[in-house]
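Now for the letters of each chain:
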Amino acid sequence: MPSSWRERPAAQQPDWPDAGALERALKTLSTLPPLVFAGEARALRQALGRVATGHSFLLQAGDCAESFADFTADSIRDKLKVILQMAVVLTYGTGVPVVKVGRIAGQFAKPRSADTEVVGGVTLPSFRGHNVNDDAPTLEGRTPDPGRLIAAYHQSAATLNLLRAFTKGGFADLSQVHTWNQEFVATSSQGRRYEAFAGEIDRALRFMRACGINLGGEQSLHQVDFWTSHEALLLGYEEAMTRRDSLTGDWYDTSAHLVWIGERTRQPGGAHVEFCSGIANPVAAKVGPGGRPDDLVSLCDRLDPQRLPGRLTLVSRMGAGNVGKELTPLLRAVRNSGHPVVWACDPMHGNTFNGPGGRKTRRFEAVMAEIGEFFAVCRAEGVWPGGVHVELTGDNVTECLGGSEDIAADQLELRYTTTCDPRLNARQSLDLAFQVAELLR
Ligand code: PEP
Ligand code: CO
């Protein structure tokens, strides 16, 4: 049942000061329209099933945490642009279809390693995402406010509405391939390489038209399927958004097409696993270092008892240098268990450190190194390297070090705007896509 998680220990839940206000907010949410439909979640499960069998590749990308402060048409459009660019590079560069999933339209809540932090000598509750509290370091700002859950729902609805308009209404038409290259990207070496790709795609389309193929009727050239996802962290919110599908009778979490369980909340007897085991959406789980192979197989049994390809994605986040040692036994155990999971690589969360000035950062080279190790380990074990899961933005930020523009430690302060973890900027993201395409070839 959607509420059965309440009988289990739920890690990482905010300390809401007013239980009555929380209950009222959740009640309201349970009466609001769903954000996605069950049939869409099933279509994503099928698309991921083709990833599980080695016929497609998953690109899951977006903010670490969406922000109430950065909520504009431009920022949504620019994130979509860079994801579309990356998908074109991967598809055209490898001939493998790409399943595009955003960390978007609901990716607010953040797990934290400590419940409190000390700012200027004052102990404050940690920032847990804009659907819980404010990042401003004041006691008032940091006090969890259930009204934010409702605000997050409405922001998710508006974001999803714009994404649907962009992806189905002409913006994602392959004839627009040049317009996704933003100016600050186009002048970089990756941007020029992308332009060359886009020119070749134009030529290919002209060639097909000249051969008499009616491209106007080919829907897949004019629209893309773009799916939403977030970490199912705040279980009260996810429960309130869970509805029974009238067609199948199954429960679907209608807050997103796919939800995942984070590294800090995947305890087999915990509330998050219980909740996700009961919804029929495709689900994912992060898999960090130190896990035991038999525990991971039990998690697969729990989350995918019917062994449906595409139902479960495992997202490895080991850190560069650790993948061979940590992932190999897990890949083997899951493969031998027969669970048809998608294996994806999150090269971000195992490579985070505090740079100068205390800014959280990551090195682009470490991100690429982890992806390289992931591909090598998958190849060695005969497992399809099914996808990448990255934190990025369409903006020209300076949050991750290195890359071809070689962002240096003293440049982090220039444009560091993330509300949580450091994101790849659009140039670094495109660079990553070109390098992943090479690995995939
Ligand atoms: C995240 O994806 O932002 C995150 C917190 O990841 P993980 O659970 O893998 O640490
Ligand atoms: Co993150």
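Each remark here, short or long, concerns the structure printed above.
Per chain, residues are indexed from 1 in the order of the written sequence. As they are written, the chains are lettered A onward and the ligands numbered 1 onward, keeping that order. Whole-chain, interface and lining totals are the exception, using all residues; otherwise, since this is a predicted model, local features are given only for residues with pLDDT of at least 70 and side-chain atom pairs are given and counted only at 80 or more. Side-chain metrics rest on all non-hydrogen atoms present in the structure, leaving aside hydrogens and water.

Structural notes on the overall build of the protein chain
Counting from the N terminus, the helices are DSSP H or I runs at least four residues long and the strands are E runs at least two residues long. Along the backbone of the protein chain there are 14 helices and 14 strands. Along the first, second and third principal axes, the C-alpha atoms of the protein chain reach 65 × 50 × 45 Å. The contact definition used throughout considers only heavy atoms, calling two residues in contact when any of these lie within 4.5 Å. Taking contacts inside the protein chain between residues at least 6 apart in sequence as the whole, the part at least 24 apart equals 76%. Accessible areas in this description were obtained via Shrake-Rupley with a 1.4 Å probe; residue shielding takes into account the shown protein chains only. Counting every atom, the protein chain has about 17,200 Å² of accessible surface; 52% of that belongs to carbon and sulfur. Charge counting follows a simple rule: Lys and Arg are positive, Asp and Glu are negative, and His as well as the terminal groups are ignored. Note that the charge is assigned to NZ on lysines, CZ on arginines, CG on aspartates and CD on glutamates. Positive and negative side-chain charges of the protein chain, numbering 46 and 51 respectively, have mean locations separated by a distance of 4 Å.

Thoughts on the packing of helix H1 (residues 19–31) against helix H5 (residues 147–168)
When two helices pack together, their arrangement is given by the angle between the helix axes and by the axis-to-axis distance. All axes are obtained by fitting lines to C-alpha atoms, using only the stretch in contact for helices, and the reported angles, taken between N-to-C directions, cover 0 to 180 degrees. In the contact formed by H1 and H5, the axes pass within 8 Å of each other and the chain directions differ by 25 degrees. As summarised for this structure, H1 and H5 are arranged roughly parallel, according to the angle between their axes. Between H1 and H5, the residues in contact are Leu22, Ala25, Leu26, Thr28 and Leu29 and Leu149, Ile150 and Tyr153, respectively. Partitioned by chemical class, the residues of the contact of H1 with H5 number seven nonpolar, one polar and no charged. Note on terminology: angles under 35 degrees are roughly parallel, angles over 145 are roughly antiparallel, angles of 65 to 115 are roughly perpendicular, and the others are oblique. Any residue outside Ala, Val, Leu, Ile, Met, Phe, Trp, Tyr, Cys, Pro, Asp, Glu, Lys and Arg is labelled polar, Gly included; the first ten of those are nonpolar and the last four are charged.

A closer look at helix H14 (residues 426–440)
The length a helix should cover is 1.5 Å for every residue beyond the first. The end-to-end C-alpha distance of H14 is 21 Å, a good match for the 21 Å that 15 residues give at a rise of 1.5 Å each. The element H14 is extensively covered by neighbouring structure, given that 12 of its 15 residues are classed as buried. In the core, the buried residues of H14 are packed alongside strand S1 (57–62), helix H3 (73–94), helix H6 (183–186), helix H7 (189–210), helix H13 (364–381) and strand S14 (387–391). As used in this structure description, the phrase polar contact means that two N or O atoms lie within 3.5 Å; if the pair is within protein, one of them must be able to donate a hydrogen and the other to accept it, and residues adjacent in sequence are counted only when both atoms belong to side chains. Its side-chain oxygen placed 3.1 Å from the backbone nitrogen of Arg427, Asn425 serves as the N-cap of H14. Buried means the residue's accessible area, taken with a 1.4 Å probe over protein chains only, is under 20% of the maximum for its type, while exposed means over 50%, and partly exposed covers the values in between.

Topic: the coordination of the cobalt ion (ligand 2)
Because no water is among the atoms considered, metal sites can look incomplete, with donors defined as N, O and S atoms within 2.8 Å of the metal, or 3.2 Å for Na, K and Ca. Coordination of the cobalt ion (ligand 2) by the protein involves Cys64 (SG), His349 (NE2), Glu391 (OE) and Asp421 (OD), with metal-donor separations of 2.1 to 2.4 Å. The motif formed by the donor residues of the cobalt ion (ligand 2), counted along the single chain, is C-x284-H-x41-E-x29-D. Here His349, found in the loop between strand S11 (342–345) and strand S12 (353–354), pairs with Asp421, found in the loop between S14 and H14; they are 72 residues apart in sequence, far enough to count as distant. A relative accessible area of 19% means that His349 is categorised as buried.

Here's the deal with the site of ligand 1
Whether a residue is near a molecule or strand depends on its heavy atoms: if one lies within 4 Å, it is near. All residues in the neighbourhood of ligand 1 are listed as Cys64, Arg103, Lys110, Pro111, Trp260, Gly262, Glu263, Arg264, Lys286, Arg317, His349 and Glu391. A distance of 2.7 Å is found between an oxygen atom of ligand 1 and a side-chain nitrogen or oxygen belonging to Arg317. Protein chains bury 98% of the 300 Å² of accessible surface belonging to ligand 1 in isolation.

A word on the packing of H3 against H7
Viewed as axis vectors pointing N to C, H3 and H7 meet at an angle of 60 degrees, and their least axial separation amounts to 11 Å. Regarding H3 and H7, the two cross each other, and that crossing is left-handed. For the pair H3 and H7, contact is made by Gln85, Val88, Val89, Tyr92 and Gly93 and by Tyr194, Phe197, Glu200 and Ile201, respectively. It is the rotation of the near helix from the far one that decides the hand of a crossing: anticlockwise by less than a right angle makes it left-handed, clockwise makes it right-handed.

Details of the environment of Val36
For Val36, the location among the structural elements is in the loop between H1 and helix H2 (38–52). Put simply, Val36 and Gly212 are 176 residues apart on the chain and 38 Å apart in space, counted from C-alpha to C-alpha. Apart from residues lying up to four places away in sequence, Val36 is in contact with Leu160, Arg164, Thr228, Asp253, Thr254, Ala256 and His257.

Considerations on the nonpolar core
By size, the foremost hydrophobic cluster in this structure holds 103 residues, and its most contacted members are Tyr194, Leu314, Leu327, Trp343, Ile371 and Leu432. In terms of residues, this core owes the most to one element, H3, which gives 10 residues. Sequence-distant contacts of Leu327, that is, excluding residues within four places in its chain, are made with Ser316, Met318, Asn322, Trp343, Phe374 and Val377. Formed by 14 residues, the second largest nonpolar core is a distinct cluster that contains Leu48, Trp260, Ala284 and Ala344. In this description, a nonpolar core means a group of buried Ala, Val, Leu, Ile, Met, Phe, Trp, Tyr and Cys residues linked to one another through side-chain atoms lying within 4.5 Å.

Here we look at the side chain of Thr361
As for its position among the elements, Thr361 is in strand S13 (residues 360–361). The class for Thr361 is buried, based on a relative accessible area of 0%. A distance of 2.7 Å separates a polar atom in the side chain of Thr361 from the backbone oxygen of Glu399. Excluding residues within four positions of it along the chain, Thr361 makes contact with Asn351, Thr352, Phe353, Gly355, Glu399, Cys400, Leu401, Leu412 and Pro422.

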